[in-house]
Amino acid sequence: MSDQTQDKVSKPRGRPSEFNHEMALEAALNVFWAQGYEGTSMADLTIALGINKPSIYAAFGNKETLFKKALGKYAQQHVRVLPEALNAPTAKQTVEAFLTHAARLLTNPDTPKGCLIVQGALACSEDANTIHALLADHRKNLEAAFAKRFDLAKVQGDLNMRTDSTALAKLVTTVQQGMSVQAKSGTSKDELLAVAKLLLQSNVFG
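Residues numbered from 1 in each chain as written. Predicted model: local features only at pLDDT ≥ 70, side-chain atom pairs only at ≥ 80, totals over all residues. Heavy atoms only, no water.

**Quick word on helix α2 (residues 21-35)**
The α-helix advances 3.6 residues per turn, and as a result positions three or four apart in sequence lie on the same side. Threshold: Only DSSP runs of H or I covering at least 4 residues are called helices, and only runs of E covering at least 2 are called strands; the numbering of each starts at the N terminus. For a helix, the expected span equals 1.5 Å multiplied by the number of residues minus one. Note on contacts: a residue pair qualifies if any of its non-hydrogen atoms lie within 4.5 Å across the two residues. Two N or O atoms form a polar contact when they lie within 3.5 Å of each other; inside protein one atom must be a possible hydrogen donor and the other a possible acceptor, and for residues adjacent in sequence the pair counts only when both atoms belong to side chains.
Here α2 spans 21 Å end to end across 15 residues, near enough to the 21 Å set by a 1.5 Å rise per residue. The elements touched by buried residues of α2 are α3 (42-49), α4 (53-60), α5 (63-78), α7 (91-106), α8 (116-119) and α10 (165-184). Capping of α2 at its N-terminal end is provided by N20; its side-chain oxygen lies 3.1 Å from the backbone amide nitrogen of E22. The positive-phi residue at the C-terminal boundary of α2 is G36, with phi of around 80°.

In structure tokens, the structure reads:
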């Protein structure tokens, strides 16, 4: 085989006529999820999507834009449990639903381990400040949602009025983020559920 023929075989194709935008975005999501934002190169993306760089730019924009779209897909698919959890009858049931779902998602054998929102921000350099800030905003919004739910629980008599809703929200989200790091290093679902159980047995939830 000539070098020219070899190049044709090994180089990623341009955008094929049967290109499926959603499948390609799912492939990009999985790469970012497994490797983080900065750990993912354009070469990784061309391999995963099966198209060349100009075709990626044409379909999704640059790497940063593609990550934002992948993050949106991740939130749509895997964070949809949050509203249901926040509407649970008690604060304890809210946290239990959230952390139970997290333990299952973070260790799902059909997807990369860990949480994209956590893993994506690890080791971000100054060149990725926009992505770092974006993911930090997601975490802050999650904390705010829990703090609001805990404030309601205090009004309803479900939590002690002296409970610091903001601190409790940060505790819950910090546990979830730690579970993500643990899952990435091989911790099992049952081990993560045991961590969640310890939190739920704390005096704060009665």
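And the narrative resumes.
**So, the layout of surface pockets**
Stated precisely, the cut-off is as follows: We place a 1 Å grid over just the protein atoms. Points where a 1.4 Å probe fits but has no way out form a cavity, open points with protein on both sides within 12 Å along at least 5 of 7 lines form a pocket, and any residue with an atom within 4 Å of a point lines it. Grid points are joined across faces, edges and corners, and a volume is the space filled by probe spheres set on the points. Here the nonpolar group is Ala, Val, Leu, Ile, Met, Phe, Trp, Tyr, Cys and Pro; Asp, Glu, Lys and Arg are the charged ones; every other residue, Gly included, is treated as polar.
The calculated volume of the largest pocket comes to roughly 350 Å³. For the lining of the largest pocket, the elements supplying multiple residues, two or more each, are α5, α6 (81-86), α7, α8, α9 (129-155) and α10. The element contributing the most residues to the lining of the largest pocket is α7, with 5 residues. Partitioning the lining of the largest pocket into residue classes produces 12 nonpolar, 6 polar and 1 charged.

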